[in-house]
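# Remarks on the overall topology
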Amino acid sequence: MTARVRPDAPKAAARGVALSAPAPHAWFAERGWRPAAFQREVWAAIAAGRSGLLHADTGAGKTYAVWLGALMAFADAGAAPLPARAGAARAQPLRVLWLTPMRALAADTLQALQAPLAALAPDWRVGSRTGDTGSSERAAQARRLPSGLVTTPESLSLLLARADAPRELASVRLVVVDEWHEMLGNKRGVQVQLALARLRTWVPDLCVWGLSATLGNLDEALATLLGDNAGDGVLVRGPREKALRIDTLLPARPERFPWAGHLGKRMVPQVAEEIEHSGTTLVFTNTRSQAELWYQALLDLRPDWAGLIALHHGSLDRAVRAWVEAGLRAGTLKAVVCTSSLDLGVDFLPVERVLQIGSAKGVARLLQRAGRSGHAPGRASRITLVPTHSLELIEAAAVRDAVSSGQVEARPPPDKPLDVLVQHLVTVALGGGFRPEALYDEVRSTCSYRELTPAEWQWCLEFVRQGGPSLTAYPEYRRVLADDAGVWRVPDARLARRHRMNIGTIVSDASMTVRYWQRGGQGGALGTVEEGFIARLAPGDVFLFAGRPLELVRVEQMTAYVRRAGAGRPAVPRWNGGRMPLSSELADAFVARLTRAAQGELDVPEMQAAAPLLAVQAAWSALPVTGTLLIETLRTREGWHAYLYPFAGRLAHMGLASLLAWRIGRRQPATFSLAVNDYGLELLSATPVDWRAVFAEGLLDESAVLEDALASLNAGELRLRRFREIARIAGLVVQGPPHARQSSRQLQASASLFFRVFEQYDRANLLLSQAEREVLSQELDVARLRQTLVRMQAARQVWIELKHVSPFAFALMVERFREKLSTEKLGDRVARMLAQLEAAAGGERGAAEPTDVVFALGDTPARKRAGRGPRRPRRRS
DNA sequence: GACCTGCTGCGGTGTG
């Protein structure tokens, strides 16, 4: 193998990487491959035994990953030249572990690796191992692992739990973590960190490489991947991102475009038009029910597209989704309406257009989705934003600004989640056992646990030894015991099986399978919906799911049996999914846009389309711009309203709203209704509040924010919810085997029981405090909340006494009505509000009376029936 | 009494 000096690697040189990289093997040369600079950089680093992180933008990642996979063959060849090994009788032992976050990616990766590996290293066998792996392959792997193994973090943990793990895994030379950005910020990533620490103990000079898409904290991503060895890591950047085009589908009549709402059905005809004139299109929506509704709406408009457009989201059965994916690959589908379920995964070459309905909520997500189009080399990616209300026009302009200035979100790794550690302890006890002192050092070599205190460590040991003080009486919580030699092991095969069935950190929602009803047998599975939704239906009711109206036939054993239903007005399932807030990066770009608009700069089509709304906002109130805190107050029949726009995302706003309400309530008795969205929040009191006086009294003080936030919310309920997940991960409650799985309701009940027991008898239980920490950081976004308070204090306050509900306030008002809907359908009510607002906005501004909307909202059904108009406002002095 | 916000991802069963 020849070496070649590479003159152009300033970055690598700065970090001290060897400058020589092997030339491509003849097999590659014959195929015309000329490695790019960054590929050589990675290659050289691996040849030098260094670890690192390769960052390449979406769309190119897969390809690079494959090259990296080929590189590992060369890395290994350093020890034994390829030609000599070609005829080797004995296959290589496990050399390379390749981790992917998705089973589907494992299959793809394997396929891509097979040809180059067969040519370069014929004595290598490659295989994959995921939950999909068949029993014969499993049996073969139990005898002998392949030389290159593509697997998931969970399956790797299962490998670590094998008694022969130390011997079997000691031959590993290189671990590649694909899509590291997907795992870095969550507990799956923590599980990967722990597994890597384990492997490093057996293989001190283990080479570890991460592959990552665009990320705001690349250095941290590298450090987290490598733990204590980070000092030696190399960060390699791929070529500058490919051409990316972000445009917006502007509403036909911007001045009539709604100020609130999220479905965006008004845009259906325009979207259909775009689909009509494009190649294969992905239509991303933010929620599963929104995907269902959009799919239906498109079909209603274009019945001739039946069979040409499809639906894809996480609650659909895997077989259904596989069919859609195959259709995409084959290019037989014109469009697919989907959720994040198609963010990752198979490279769909034929995808030409990507449409994003509603806010993408973050820059990284937008880039990820844009990257799904124009996958072929030399083709640009294009994403078209489809706003669902007027404020999203501004967001569209903002997100493009953020992309061009490289403002991408960071994903911070979780801070020592003890549930994951507890699970890992049992895994390690199964996989050959451990000595606490040595394992403590190993665990602390990871980034997430480097601050783990001896007391916390002891607590975890005790917890796996006997379940902590309150569970000592139960044998199933005596999971790990020290043997005579002082090695901690799992003493019981039954406990071992129980643990293996519970490995992993993903905890799913309570859900029920939906199946076609068939006499004398089970019909095909369509997917899953939440138990709570089905519970509200009676047999005969119709709901929309998997893109078709279904009639509920009966419910049996966690399965809802259905048949096709005719036309009608179906219900749409609701899933209590995640609640992604607008990212700080995007919010900042949003405010920057408003600030420029306030200076008269409307230089892009989106801002021009938003101009009517901005004009009304400016005339009736003011634009919330950088450095100011806009506080709108309003007096209606409902009471005393205050609207604030901190732009901190809905999670922080929720915390902030309840915090403010609670602090005001401490000064004077008051009850508040709260409403939040990603832009701001509303406080509404039925009794008089002197807002200015209240805000003057240190209401925005950021000290004691933790205590106040917890006190102000129903923190108990939030903590319990969080604790349920923790209990599953820590192995306190287990699902049981697939054939006799407990219902999620049962699981929840037992988790709640533990919660209460711990609260009463074991207050020091660290899993309880972890639940609290997770509530604060993940449900309330406390760091952002605190930051926001600081920023609000420093800002200049702009007080506006509203006469009309301002456009920004309008969205919040709608939000609140969603919560407590009475006699009127939300849609009707919003439509009426809109009509009146538009009338007010369209008429002579001075002439409009301060009535309309606000007071119409206070209209009672009785008055409406009596045909009387809205009551006149009772004006305050 | 419906509802028109709320994403994604994995794993296990068996033994000659």
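Residues numbered from 1 in each chain as written. Chains lettered and ligands numbered in written order. Predicted model: local features only at pLDDT ≥ 70, side-chain atom pairs only at ≥ 80, totals over all residues. Heavy atoms only, no water.

Within chain A one finds 35 helices and 27 strands. For chain A, with 877 residues in total, the buried portion stands at 57%. Counting contacts in chain A only where the partners sit at least 6 residues apart, residues at least 24 apart contribute 73% of the total. When the accessible area of chain A is evaluated, it comes to approximately 36100 Å², of which 51% is carbon and sulfur surface. (Helix = DSSP H or I, 4+ residues; strand = E, 2+ residues; numbered from the N terminus. Buried < 20%, exposed > 50% of the residue type's maximum accessible area, 1.4 Å probe, protein only. Contact = heavy atoms within 4.5 Å. Areas by Shrake-Rupley, 256 points an atom, 1.4 Å probe, with all protein chains shown as cover.)

A few words on empty space enclosed by the protein. Leftover empty space is mapped by rolling, across the atoms, a probe with the size of a water molecule. Taken as a whole and assessed by the stated rule, the structure comprises six cavities of 30 Å³ or more. Among the elements of the structure, strand S15 (381-386) and helix H17 (391-404) are those that each provide at least two residues to the lining of the second largest cavity. When residues in the lining of the second largest cavity are grouped by element, the largest group, four residues, is from H17. In terms of residue class, the lining of the second largest cavity is built from eight nonpolar, two polar and two charged. (1 Å grid on protein atoms, 1.4 Å probe; cavity = no way out; pocket = protein on both sides within 12 Å on 5 of 7 lines; lining within 4 Å. Points joined across faces, edges and corners; volume = space filled by probe spheres on them. Nonpolar A, V, L, I, M, F, W, Y, C, P; charged D, E, K, R; others polar.)

Right, let's get into the domain arrangement of chain A. What the domain assignment lists for chain A is domain 1 (10-237), domain 2 (244-404), domain 3 (418-506 + 714-779), domain 4 (511-564) and domain 5 (621-705 + 785-855). Averaged C-alpha coordinates put domain 3 and domain 4 at centres separated by 35 Å. (Domains from an automatic or database assignment.)

Judged by nonpolar contacts, the single largest core of 106 residues is most densely connected at Phe 543 and Phe 545. Ranked by residue count, the leading element in this core is H17, at nine residues. Filtering out sequence-adjacent residues up to four positions away, Phe 543 remains in contact with Val 514, Phe 533, Ile 534, Leu 537, Arg 548, Pro 549, Leu 550, Leu 552, Val 562, Pro 570, Ala 571 and Pro 573. Counting 48 residues, the second-largest nonpolar core is a separate cluster that includes Tyr 477, Phe 723, Ala 730 and Phe 755. (Core = buried A, V, L, I, M, F, W, Y, C linked by side-chain atoms within 4.5 Å.)

Taken together, five strands build an open sheet; the order of strands is S25-S26-S24-S23-S27 and the sheet is mixed. At either margin of the open sheet sits one strand with a lone partner, and together these are strand S25 (672-676) and strand S27 (796-801). Going from strand to strand, the sheet's axes swing by 20° on average, the running direction of each strand aside. Examined bridge by bridge, strand S23 (residues 628-636) and S27 share six bridges and lie parallel to one another. Counted as the bridge partner of Leu 629 is Gln 797 from S27. Against the sheet, helix H25 (residues 649-667) engages strand S24 (639-644), S25 and strand S26 (681-685), with an angle of about 160° to S25. (Pairing = 2+ DSSP bridges. Axes fitted to C-alpha atoms, helices over the stretch in contact; angles between N-to-C directions.)

A word on unusual backbone geometry. One non-glycine residue, Lys 416, lies in positive phi territory at about 30°. Mapped onto the fold, Lys 416 is located in the loop between H17 and helix H18 (418-430). Take Lys 416: its relative accessible area is 11%, and that puts it in the buried class. The phi angle at Ala 546 is positive, at roughly 55°, despite the residue not being glycine. Counting through the fold element by element, Ala 546 comes out in the loop between strand S20 (542-545) and strand S21 (548-556).

Pairing is mixed in the open sheet, where five strands are placed in the order S19-S18-S22-S21-S20. In this open sheet, the two edge strands, each paired with only one partner strand, are strand S19 (521-530) and S20. Adjacent strand axes in the sheet meet at a mean angle of 45°, parallel and antiparallel pairs treated alike. One ladder, built from six bridges, connects S21 with strand S22 (residues 559-564); its direction is antiparallel.

Using the criterion set out here, one finds zero disulfides in the structure. Summary of cysteine pairing: Cys 460 is not part of a disulfide, and the nearest cysteine sulfur, belonging to Cys 447, is at 18 Å. Judged by its relative accessible area of 0%, Cys 460 is buried. (Disulfide = S-S within 2.5 Å.)

This brings us to the packing of aromatic side chains. For the structure on display, the rule yields 17 aromatic pairs. When the centroid spacing of 5.3 Å and the interplanar angle of 35° are considered together, the rings of Tyr 440 and Trp 457 count as tilted. Placement of Tyr 440 in helix H19 (residues 436-444) and of Trp 457 in helix H20 (residues 454-466) is noted, with a sequence separation of 17 residues between them. Residues Tyr 440 and Trp 457 agree in their burial class; the two are buried. Here the aromatic rings of Trp 459 and Phe 463 are separated by 4.9 Å at their centres, their planes lie at 15°, and the arrangement is stacked. Residue Trp 459 and its partner Phe 463 are located together in helix H20, separated by four residues, close to a single helical turn. Phe 463 sits in the buried class, given a relative accessible area of 1%. One aromatic cluster is present, built from ring pairs that chain together Tyr 477, Phe 723, Phe 754, Phe 755 and Phe 758. Taking NZ or CZ as reference, Arg 635 lies 3.9 Å from the ring centre of Trp 640, over its face. (Phe/Tyr/Trp six-rings, centres within 6.5 Å; stacked < 30°, edge-to-face > 60°. Lys NZ or Arg CZ within 6 Å of the ring centre and 35° of its normal.)

This part covers the packing of H19 against H20. Packed helices, taken two at a time, are described by the angle between their axes plus the distance between the axes. Direction vectors running N to C along H19 and H20 enclose 120°, while the axes themselves pass 12 Å from each other. It follows from the interaxial angle that H19 and H20 lie oblique. Crossing geometry of H19 relative to H20 is assigned as right-handed. Of the residues in H20, those in contact with Pro 436, Leu 439, Tyr 440 and Val 443 of H19 are Pro 454, Trp 457 and Leu 461. When the residues that make up the contact of H19 with H20 are grouped by side-chain class, the tally is seven nonpolar, no polar and no charged. (Parallel < 35°, antiparallel > 145°, perpendicular 65-115°, else oblique. Left-handed = near helix turned anticlockwise from the far one by under 90°.)

Before going further, it helps to spend a moment on the packing of H17 against helix H23 (residues 584-598). For the pair H17 and H23, interaxial distance at closest approach is 8 Å and the crossing angle is 110°. With respect to H23, the axis of H17 lies roughly perpendicular. In this structure, H17 contributes Leu 391, Ile 394, Glu 395, Ala 397, Ala 398, Val 399, Asp 401 and Ala 402 to the contact, and H23 contributes Leu 586, Ala 589, Phe 590, Arg 593, Leu 594 and Arg 596. A class-by-class count of the residues in the contact of H17 with H23 yields ten nonpolar, no polar and four charged.

With the rule as written, the count across this model stands at 41 salt bridges. One salt bridge connects Asp 164 with Arg 162, and the closest N-O pair in it is separated by 3.2 Å. Residue Arg 162 is classed as buried on the basis of its relative accessible area, which comes to 18%. Arg 663 is the salt-bridge partner of Asp 708, the closest N and O atoms lying 2.8 Å from each other. Of this pair, Asp 708 sits in helix H27 (residues 705-712) while Arg 663 sits in helix H25, placing them 45 residues apart in sequence. Under the relative-accessibility criterion, Arg 663 is labelled buried at 5%. Beyond isolated ion pairs, a larger network of salt bridges with shared partners links Lys 187, Asp 419, Arg 721, Arg 722, Glu 725, Glu 774 and Glu 779. (Salt bridge = Lys/Arg side-chain N within 4 Å of Asp/Glu carboxyl O.)

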